[in-house]
Amino acid sequence: MLLIWCAMIVSCAEIDDPDLSPPVLILPVDGDTVQNNPPLFVWRSVDDQGCDLLFWIEIADDAIFSYDSIILSTLIPIADTFFDPIDSFTTGTYYWHICVFEQA
């Protein structure tokens, strides 16, 4: 089974807090074909500047991330800079991005 991943950098923080930088996506890299199903998602954290931050990861089957294309959407606390999904994916091309938010 082959899965092709496209990493997309999105700064949702620009809406909430323009001083927050988007996380750096590490794995899977853009255009990567992976055999592990499900793959491990890894990113480098932003400088939290003493704030309580949350990451929001989305995985979709189209680059627009339209409502119907989103396969997975979940919040992850700042302490974690990886996500290991429980469910596997069908063969295909997927897109992922991470947004960062300051916890209210």
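These figures come from a predicted structure and were not determined experimentally.

### A look at the confidence of the model for the chain
Averaged over every residue, the pLDDT of the chain is 78; residues scoring 70 or more account for 71%. Model confidence for the chain, summarised as mean pLDDT per element, is weakest for helix H1 (residues 13–16) at 48 and strongest for strand E7 (residues 82–83) at 90.

### Things to note about the packing of aromatic side chains
Counted under the stated rule, the structure contains 4 aromatic pairs. Connected via pairs of aromatic rings, a cluster forms that spans Phe41, Phe83 and Trp96.

### Quick look at unusual backbone geometry
The residue after Leu27, namely Pro28, is reached through a cis peptide bond having omega -15°. Here Pro28 lies in the loop between strand E2 (24–27) and strand E3 (32–34).

### Things to note about the nonpolar core
In a soluble, globular protein the nonpolar side chains are often hidden away together inside. Phe41, Trp43, Ile57, Trp96 and Ile98 are the most contacted members of the largest nonpolar core, which totals 14 residues. Mapped onto this core, the elements with two or more residues apiece are strand E4 (41–44), strand E5 (53–60) and strand E8 (92–102).

### Quick look at the sheet that holds E7
Spatial ordering of the open sheet is given by E2-E4-E7, a layout of 3 strands whose pairing is antiparallel. The open sheet has two edge strands with one neighbour each: E2 and E7. Across 3 bridges, the pairing between E2 and E4 is antiparallel. Across the sheet, Leu27 pairs through a bridge with Val42, a residue of E4.

Parameters and conventions
- Residues numbered from 1 in each chain as written.
- Predicted model: local features only at pLDDT ≥ 70, side-chain atom pairs only at ≥ 80, totals over all residues.
- Heavy atoms only, no water.
- pLDDT = per-residue confidence, 0-100.
- Helix = DSSP H or I, 4+ residues; strand = E, 2+ residues; numbered from the N terminus.
- Phe/Tyr/Trp six-rings, centres within 6.5 Å; stacked < 30°, edge-to-face > 60°.
- Core = buried A, V, L, I, M, F, W, Y, C linked by side-chain atoms within 4.5 Å.
- Buried < 20%, exposed > 50% of the residue type's maximum accessible area, 1.4 Å probe, protein only.
- Pairing = 2+ DSSP bridges.

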